[in-house]
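# Observations on chain architecture
Residue-level listing of the chains:
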Amino acid sequence: MSDIQNRIAEVKEKIRLAAQRKNRPPEGVRLVAVSKTVEIDRIREAVEGGAIILGESRVQEARDKIQALGREGIQWHLIGHLQKNKVKYIYGLFDLVHSVDSLELAEEINHRGALMNRRMDILVQVNIGHDQAKFGTDPEKALDLVKKISRLKNLSVKGLMAIPPYYEDPEESRPHYTALRELRDWLTTQGFGLPELSMGMSHDFEAAVEEGATLVRVGSAIFGERIHV
Ligand SMILES: *Cc1c(COP(=O)(O)O)cnc(C)c1O
């Protein structure tokens, strides 16, 4: 096994143990291997090492990689901020968009989907830490946004996503992950079932799994430190 493949096995084992600590079935947590800035050969190694879901930040970069690696046995997720003028490219590329943070963006995805007679699965990104530097809807506005997005026919809301402020200590991220889960649980009581929770990155995914993550987005712990962001 290569280094990348060893690290995938390690991350999966940590996910399994974190789930087990909370009596959660390990198959309820899926690993998104974040392959932004990573070259094709190393991504291929990851796929051969059991990375089934790849996460990309930029549409154009993802498009080139998807052309090279295909979509057979691989799911591609868009995890980075999506600009409205890029929406026309996402159909046929991505299986899930994690980063829908406004009604305008959702409407554009819906509009493009309607033109092509396709549906897109999405998550609503919530700015759970009220962080000025982060995208996402305010938690207080999440119900209103989910309600409006749920009316769009060519879009299917599967859950919530969050990127909390960065802390060295994962225990400081934990309350944000708890808050996202509680927001999801509350939205469920309001009639909006949102099974997926995309939360947790390389330095804190175990805490996120303990707090209920169903998708963890792990880049550098698999591929090594990135030079660019
Ligand atoms: C880059 C990125 C990640 C992965 O970050 P690591 O710290 O390398 O695991 C996760 N989520 C999003 C939205 C990202 O942009």
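Read on for a plain summary of the structure. What you see is a predicted model; the values in this text were computed from it and never measured.

Now for the site of the ligand. Neighbouring the ligand are Val34, Lys36, Ser57, Ile79, Ile163, Met201, Ser202, Arg217, Val218, Gly219, Ser220 and Arg226. Here an oxygen atom of the ligand sits 2.8 Å away from a polar atom, N or O, in the side chain of arginine 226. For the ligand, the protein covers 89% of the area, taking 380 Å² as the surface of the free molecule. For the shell around the ligand, a count of residues per class yields five nonpolar, four polar and three charged.

For the coordinates displayed, the defined rule picks out zero aromatic pairs. Stacked on the ring of tyrosine 89, the Lys or Arg arginine 63 has its end atom at 4.5 Å from the ring centre.

Here we come to the pattern of salt bridges. Considering all chains together, one arrives at 17 salt bridges under this definition. With its nearest N and O atoms 3.1 Å apart, the salt bridge here joins arginine 71 to aspartate 95. Of this pair, arginine 71 sits in the loop between helix H3 (59-69) and strand E3 (75-78) while aspartate 95 sits in the loop between E3 and strand E4 (96-100), and the two are 24 residues apart along the sequence. Arginine 71 sits in the partly exposed class, given a relative accessible area of 33%. Residue classification places aspartate 95 among the partly exposed residues on the basis of a relative accessible area of 29%. Note that glutamate 211 and arginine 181 form a salt bridge whose closest N and O atoms lie 3.1 Å from each other. One end of the pair, glutamate 211, is in the loop between helix H7 (205-210) and strand E8 (215-218); the other, arginine 181, is in helix H6 (residues 170-189), with 30 residues separating them in the sequence. Judged by its relative accessible area of 23%, arginine 181 is partly exposed. Residues participating in the shared-partner salt-bridge network are Arg21, Glu171, Arg174, Arg181, Glu210 and Glu211.

What counts and what doesn't
Note on numbering: residues in each chain are counted from 1, in written sequence order. Predicted model: local features are reported for residues with pLDDT of at least 70 only, side-chain atom pairs are reported and counted for 80 or more only, and whole-chain, interface and lining totals are derived from all residues. The side-chain numbers reported here are obtained from all heavy atoms of the structure, hydrogens and water having been left aside. In this text, near means that some heavy atom of the residue lies within 4 Å of the molecule or strand in question. N or O atoms within 3.5 Å of each other form a polar contact, as long as, within protein, one can give a hydrogen and the other can take it, and as long as residues adjacent in sequence are counted only when both atoms are side-chain atoms. Working definition of accessibility: Shrake-Rupley area with a 1.4 Å probe, residue cover restricted to the visible protein chains. Gly falls in the polar group here, along with every residue not listed as nonpolar (Ala, Val, Leu, Ile, Met, Phe, Trp, Tyr, Cys, Pro) or charged (Asp, Glu, Lys, Arg). Only centres within 6.5 Å qualify two rings of Phe, Tyr or Trp (six-membered ring in Trp) as a pair; their planes then separate them into stacked at under 30 degrees, edge-to-face at over 60, and tilted for everything else. The criterion is that NZ of a Lys, or CZ of an Arg, lies within 6 Å of the ring centre and within 35 degrees of the ring normal, and then a charge sits over that ring. Put simply, a salt bridge is a Lys or Arg side-chain nitrogen that is within 4 Å of an Asp or Glu carboxyl oxygen. Put simply, DSSP marks the helices as runs of H or I at least four residues long and the strands as runs of E at least two long, and each gets a number from the N terminus on. Between buried and exposed lies partly exposed: a residue is buried under 20% and exposed over 50% of the maximum accessible area for its type, with that area taken using a 1.4 Å probe on protein chains only.

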